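# Structural features, examined
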Amino acid sequence: MQEAVQQRVILQLAVPVPLRRLFDYLPPEGLSPQALAPGQRLWVPFAGRKLVAVLVAIAEESPLAELKPALEQIDSTALFDEHSRRFLSWIADYYQAPVGEVFAAAMPAALRRGRPAHHWAEQWLQLTTEGKGLPDTALTRAPKQQALLQRLLCSGRQSRAHLKAQGFSTATGRALQARGLVEWVAGPTVPPPLPGAEPSPAPKLNSEQQQVLDAMDCSGFSATLLEGVTGSGKTEIYLRLIERVLAAGRQALLLVPEIGLTPQTLRRIAARFPAHSIAALHSGLAEGERAQSWLAAAAGQADIVIGTRSVIMTPLPRLGLVIVDEEHDASFKQQDGVRYSARDLAVVLARDTDVPVLLGSATPALETLHNALSGRYRHLRLCRRAGDAHPPQLHVVPTLHESLEAGFAPQALRHIDDALARGEQALVFLNRRGFAPALTCDDCGWIADCAHCSSKLTLHRRQRQLRCHHCDYRRPLLDSCPQCHSRSISALGGGTERSEELLLQRFASYPVIRIDRDTTASKQALDRLLAPARDGLPCLLLGTQMLAKGHHLPRVTLVVIQDADSGLFSADFRAPERTGQLLAQVAGRAGRGSLRGRVLVQSRYPEHPLLQRLLEKGYSDFARQLLRDRTTAQLPPARAMALVRAECEEPAWAEAFLQDARRFMQSLAPPSPQLLYLGPVPALLERKSGRFRFYVQVIAQQRAQLQPLLAQVSTWAERNTNRRLRWAVDMDAQDL
Ligand code: ADP
Ligand code: ZN
Ligand code: ZN
């Protein structure tokens, strides 16, 4: 007798819950299993809730006897192609992250919440086979139709909005359609081209740039560090590479560090590639715009995809090139949830898809430099500024025995005077927002602390508030000391607000543009604030690290670094690297046009060896020295490092949990010269938002030693935690 073979269909789903595995479900009732394909979203029941899950694979068996059916199918076609599903699963494995949370983090909010993709569908015009085969001269008598045909030939397809923006009428499209040369197809919406992006031709490359471009092989995987001084024309290299990739019919992915930078970079790209569809993905977009861009990228409709950190998780079916601009930037590392490094993932993605990846920076991260110097990455350099710009001159201004005005040395103020009088622009950098970083009582020494963090409150004078920059706790400004009731309370130190106040008084006839998180809270604010500076009028720019990044303002000839010292004495082994990068980047804003730049570095410790090395030899030499120091100290990047973190309102619990975690790991892999354990020790910011934070550090000679250990300690932690304690494994951790 023959047994009836009944094939079971088991859906393996990534459900957004903090457990590191897939969950098995049956297909929704009444739905033919043929309608299901991996990469689609479905609604599933989970612990009494209804969640949006992604179908990762379909199996025939499950170890579980009792399976629930999924509730409803959301997508009829896959959102995540096979490659993307594999990549996201790899991320979950490598970072010990719940796979459901990785898939959720890969989606824009609207899709994560289950909105249907067809909501953002758009009609696209593309050539039919006849259209593609048409000889060049066939339509010379109908110039409008000829122009449209030409446009489609060079860009593949155009959305309705793009056609309109370029002045093509619907009648022209209809005429071509009647001849059977074009057809309309449905696809996702791409944001229309940016207004005001005038097409701009490419400059002729200088010989250094040409050499770099010639050395870039765009067939197959290769990882390259492009170490180019500020203003050396790295962006121009990116544009040329993108051009090659577009010509080959592939997608280019460009990662940038900050939302504030995207409008500027977008304008430059749009101006170079007016006929191509560009999708931007960053947190400054409205939810609908973001979903549109994501879908356009994932469907292969967007030719150039540009975005911040999370864009790395977007499916890109036609990917041909990955570029990470300002690759050293700390914002590429996600600091909570799925703790990934978008820069590291860019290399993994490129390797998996067999395409080139370019990491560009004037101040490469030591990790990247290490890979380049050890031969794992190719190392290309641009040592001169492009066009007719010269390197800026650096001068130290000792401040210890000077009488400062709101933190400015008299010499610095005189140079600002001169620059403005010459009709040029000056930029003042101070990496502290607010009016003053501390408020203290002159009589008893009381200091205003945050009630929830181990940190001081910053004075924001205009709002008459004290604010914590770690947890955003706020309280009204006091006019007497809560401890001794003295009325003599003073602000210690200075922030951007205090500097701004002085500049406004002293340079009253010039605009003062302050750029920090307090002035750029709204979408696009940074771009708007910088507009007068871009117009080239004499003005003063003042701000935090937001000003250090990537801006090209050719009329800035003077940069004043108000306080170079804050990073010199930190307990974090990465602090010197970050300080060096920041100072070199800020200094690099000076003299990017034809006018020569000058940089004044105010310091109380002008003899400090790190500062001396940086100022005398430049970042490149400074970084190589740091790399040698790290190797001697057996620290990353010479070693692989992970942290097991825990935080809890009850400090003893977090510490005990980590003691146990360390003991557990040591029982699996005993300490040795190749595997070091440290801790539990308190985090640099020991208490944050009311919770005490600790970590155990594991340092290994090889990444491969860490991976199995971290996987097991995660499983252990899932079983041994309680609701009041938060824990996380932080592979390649950046912050202590
Ligand atoms: P980076 O990205 O290295 O900071 P950019 O690509 O922004 O440098 O270039 C700095 C400036 O030099 C820009 O104004 C750019 O247009 C200009 N530039 C770049 N390459 C050339 C070139 N080959 N000839 C003339 N100007 C150039
Ligand atoms: Zn007091
Ligand atoms: Zn706080």
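An unreviewed UniProt entry lists the protein under the name Replication restart protein PriA, from Microbulbifer spongiae. The record held by UniProt for the protein lists under Subunit (unreviewed entry) the comment "Component of the replication restart primosome." Recorded under Sequence similarities (unreviewed entry), the UniProt text for the protein is reproduced unchanged: "Belongs to the helicase family. PriA subfamily."

### Remarks on the site of ligand 1
Close to ligand 1 lie 16 residues; Gly 233, Lys 234, Thr 235, Ala 386 and Gly 387 are nearest. With 3 residues, helix α9 (residues 234-247) is the single largest residue contributor to the shell around ligand 1. Looking at the shell around ligand 1, its residues break down into 3 nonpolar, 10 polar and 3 charged.

### Some words on the UniProt feature "binding site: Zn(2+) 2" (unreviewed entry) in the protein
Taking the UniProt record as the reference, the feature "binding site: Zn(2+) 2" (unreviewed entry) is found at Cys 450, Cys 453, Cys 468 and Cys 471. Separation in sequence by 22 residues is not matched in space for these annotated residues, since their most distant C-alpha atoms are only 8.7 Å apart. Residue position: Cys 450 is located in the loop between β18 (438-441) and β19 (458-460). If we ignore the near neighbours within four places in the chain, the residues touching Cys 450 are Ser 455, Leu 457, Cys 468, His 470, Cys 471 and Tyr 473. Within the fold, Cys 453 resides in the loop between β18 and β19. Cys 453 sits in the buried class, given 21 other C-beta atoms within 10 Å.

### Let's talk about the nonpolar core
Nonpolar side chains tend toward joint burial in soluble globular proteins. Core analysis: the biggest nonpolar cluster contains 173 residues, and Leu 13, Ala 346 and Val 559 have the highest contact counts within it. Residue contributions to this core peak at 7 residues, all from α9. In this structure Val 559 touches Leu 427, Phe 429, Val 586, Ala 587, Arg 589, Ala 590, Gly 597 and Val 599, once residues within four positions along its chain are discounted. Judged by nonpolar contacts, the second largest core, of 11 residues, contains Leu 125, Phe 168, Leu 181 and Val 182.

### What to know about the environment of Ser 76
Among the secondary structure elements, Ser 76 is positioned in the loop between β5 (72-73) and α1 (82-94). It is 9.6 Å that separates the C-alpha atoms of Ser 76 and Pro 116, two residues lying 40 residues apart in sequence.

### Some details on helix α11 (residues 287-298)
For α11, with 12 residues, the first-to-last C-alpha span of 16 Å sits near the 16 Å given by 1.5 Å per residue. Most of α11 sits inside the fold, with 9 of its 12 residues counted as buried. Arg 290, Ala 291, Gln 292, Ser 293, Trp 294, Leu 295, Ala 296, Ala 297 and Ala 298 are the residues of α11 that are buried. Once α11 ends, the next one or two residues include Gly 300, with phi positive near 80 degrees.

### Brief notes about the pairing of strand β13 (residues 319-325)
Of all the 7 residues making up β13, 7 are buried; the element is thus mostly covered by neighbouring parts of the structure. By the bridge criterion, 5 bridges tie strand β10 (residues 251-255) to β13 in an arrangement that is parallel. Bridge assignment links Leu 253 to a residue of β13, and that residue is Val 322. Looking at chain direction, β13 and strand β14 (residues 356-361) are connected through 4 bridges and run parallel. Its bridge partner being in β14, Val 322 is matched across the sheet by Val 357. Following the backbone out of β13, through helix α12 (residues 342-353) and into the adjacent parallel β14, one traces a crossover that is right-handed.

About the cut-offs
- Residues numbered from 1 in each chain as written.
- Chains lettered and ligands numbered in written order.
- Predicted model: local features only at pLDDT ≥ 70, side-chain atom pairs only at ≥ 80, totals over all residues.
- UniProt positions renumbered as here; feature names shortened; annotations may be inferred.
- Near = placed C-beta within 6 Å.
- Helix = DSSP H or I, 4+ residues; strand = E, 2+ residues; numbered from the N terminus.
- Nonpolar A, V, L, I, M, F, W, Y, C, P; charged D, E, K, R; others polar.
- Contact = placed C-beta atoms within 7 Å.
- Buried ≥ 20, exposed ≤ 12 C-beta atoms within 10 Å, placed from the backbone.
- Core = buried A, V, L, I, M, F, W, Y, C linked by C-beta atoms within 7 Å.
- Expected span 1.5 Å × (residues − 1).
- Pairing = 2+ DSSP bridges.
- Right-handed = clockwise from strand over helix to strand, strands pointing away.

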